[in-house]
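So the chains spell out like this:
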Amino acid sequence: MESKTILDSVLVNNYINGNEKSLEVLIIRHKQRIFSFIMSKVSDREVAEDVFQDTFIKVINTLKRGAYNEEGKFLPWVMRIAHNLIIDHFRRNKRLPKFNNTDDFDIFDVLSDEMLSVENQIIKNQILDDVRKLVEELPEDQKEVLLMRMYKDMSFKEIAENTDVSINTALGRMRYALINLRKLIEKHNIILVN
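Participant: I would appreciate a short explanation of the overall build of the protein in the present structure.
Facilitator: When helices and strands are counted, the protein shows 10 helices and 0 strands. Per-residue burial for the protein yields a buried fraction of 43% across its 194 residues. Pairs at least 24 apart in sequence give 58% of the contacts found in the protein among residues at least 6 apart. When the accessible surface of the protein is summed, it comes to about 11,700 Å², and 51% of that surface belongs to carbon and sulfur atoms.

This is the structure we're talking about:
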């Protein structure tokens, strides 16, 4: 049997079933990517280290509670937790994070401030699940750009190259995707609080 790299999903299951070493492998595997992402938002090594620690405390608690069901998408799930903790950090410090209009998309930028004040992670996850279903209703070209940004973390330059369009076209499609997503959120009357 070939010794291939163990899948994240297998490591997650092993950890849930009591193999502590599996989490260490996951952290080592993804540390650089997650830490760089946090650092790019907070621009302060000490704060980035705190957020990174908090992210994995949250990951551990969620896995220990048996509340993880991301169907093998471990890294995007961890990135969302880190992203939410970055937003919490800036909220505590009354400063908005460096999420500019072009290169960073988070579904919570689409929702109103009132909705943003909802701190409960479970509710946020439910909203993300609801929104993921709505994304399926978007026109194909808009959906493609939105999924590349949200789930593949691709830059608009990469999206443009992958879809054979100009960066402006990719940005335009993203803009229309967000406008349509807002309309769909209203049309479907998504419940955003308990």
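Participant: Looking at this structure, how should I read unusual backbone geometry?
Facilitator: Excluding glycine, residues mostly carry a negative phi; peptide bonds, for their part, are mostly trans. Of note, the phi angle at Ser43 is positive, near 50°, even though the residue is not glycine. The topology assignment puts Ser43 in the loop between helix 2 (20-42) and helix 3 (45-65).

Participant: It is not clear to me how the packing of aromatic side chains should be interpreted in this structure. Could you clarify?
Facilitator: Aromatic ring pairs are described here by two measures, namely the spacing of the ring centres and the angle between the planes. On inspection of all chains with the given rule, the structure shows 5 aromatic pairs. With centroids separated by 5.1 Å and ring planes inclined at 50°, the aromatic side chains of Phe52 and Phe56 adopt a geometry described as tilted. You can see Phe52 and its partner Phe56 sitting in helix 3, 4 residues apart, about one turn around the helix. What links up through ring pairs into an aromatic cluster is the set Phe35, Phe52 and Phe56. Here the basic side chain of Lys31 rests over the ring of Phe52, its NZ or CZ set 5.5 Å away from the ring centre.

Participant: Mind showing me how you'd approach the nonpolar core here?
Facilitator: Ile34, Ile38, Val59, Leu63, Phe74 and Trp77 are the most contacted members of the largest nonpolar core, which has 28 residues in total. With 10 residues, the top contributor of residues to this core is helix 4 (residues 74-92). Contacts of Val59, omitting those with residues within four sequence positions, involve Leu23, Phe74, Trp77, Val78 and Ile81. Val145, Met148, Met174 and Ile185 belong to the second-largest nonpolar core, a separate cluster that totals 18 residues.

Participant: Just to check I follow, could you spell out the packing of helix 3 against helix 4 for this structure?
Facilitator: Packed helix pairs are characterised by how far apart their axes lie and by the angle those axes make with each other. At a minimum axis distance of 9 Å, the contact between helix 3 and helix 4 shows a crossing angle of 125°. Classified by the angle between their axes, helix 3 and helix 4 sit oblique to one another. The interaxial crossing formed by helix 3 with helix 4 has right-handed handedness. Residues Val47, Val51, Asp54, Thr55, Phe56, Lys58, Val59, Thr62 and Leu63 of helix 3 form the contact with helix 4, whose participating residues are Phe74, Trp77, Val78, Ile81, Ala82, Leu85, Ile86 and His89. Taken together, the residues that form the contact of helix 3 with helix 4 break down as 12 nonpolar, 3 polar and 2 charged.

Participant: I'm lost on the pattern of salt bridges in this one. Help?
Facilitator: Side chains that carry opposite charge are capable of pairing whenever their charged atoms lie near each other. Counted by the stated rule, this structure contains 8 salt bridges. Asp8 is paired through a salt bridge with Arg29; the nearest N and O atoms lie 2.5 Å apart. With Asp8 in helix 1 (residues 8-16) and Arg29 in helix 2, the pair connects residues that are 21 residues apart, well separated along the chain. Here Asp8 falls in the buried class, since its relative accessible area comes to 14%. Classification of Arg29 by relative accessible area gives partly exposed; the value is 32%. Residues joined by salt bridges that share partners form a network here, namely Glu136, Glu140 and Lys143.

Participant: Is there a simple way to think about the confidence of the model for the protein in this case?
Facilitator: Caution applies to low-pLDDT regions: their predicted coordinates should not be interpreted in detail. In this model, the protein carries a mean pLDDT of 78, and residues with pLDDT of at least 70 account for 76%. Across residues 96-103, confidence stays below pLDDT 50; counting only partners more than four residues off in sequence or on other chains, it has 18 contacts. The model gives residues 110-119 a pLDDT under 50, and that stretch makes 16 contacts with residues more than four places away or in other chains.

Participant: Is there a simple way to explain helix 3 in this structure?
Facilitator: Helical periodicity: at 3.6 residues per turn, an α-helix aligns residues three or four positions apart in one direction. Helix length check: helix 3 (21 residues) gives 30 Å between terminal C-alpha atoms against 30 Å at 1.5 Å per residue, within 8%. Where helix 3 is buried, its residues touch helix 1, helix 2 and helix 4. Structurally, the start of helix 3 carries an N-cap: the backbone nitrogen of Glu46 is 2.9 Å from a side-chain oxygen of Asp44.

Scoring rules and cut-offs
- Residues numbered from 1 in each chain as written.
- Predicted model: local features only at pLDDT ≥ 70, side-chain atom pairs only at ≥ 80, totals over all residues.
- Heavy atoms only, no water.
- Helix = DSSP H or I, 4+ residues; strand = E, 2+ residues; numbered from the N terminus.
- Buried < 20%, exposed > 50% of the residue type's maximum accessible area, 1.4 Å probe, protein only.
- Contact = heavy atoms within 4.5 Å.
- Areas by Shrake-Rupley, 256 points an atom, 1.4 Å probe, with all protein chains shown as cover.
- Phe/Tyr/Trp six-rings, centres within 6.5 Å; stacked < 30°, edge-to-face > 60°.
- Lys NZ or Arg CZ within 6 Å of the ring centre and 35° of its normal.
- Core = buried A, V, L, I, M, F, W, Y, C linked by side-chain atoms within 4.5 Å.
- Axes fitted to C-alpha atoms, helices over the stretch in contact; angles between N-to-C directions.
- Parallel < 35°, antiparallel > 145°, perpendicular 65-115°, else oblique.
- Left-handed = near helix turned anticlockwise from the far one by under 90°.
- Nonpolar A, V, L, I, M, F, W, Y, C, P; charged D, E, K, R; others polar.
- Salt bridge = Lys/Arg side-chain N within 4 Å of Asp/Glu carboxyl O.
- pLDDT = per-residue confidence, 0-100.
- Expected span 1.5 Å × (residues − 1).
- Polar contact = N/O pair within 3.5 Å; in protein donor to acceptor, adjacent residues only side chain to side chain.

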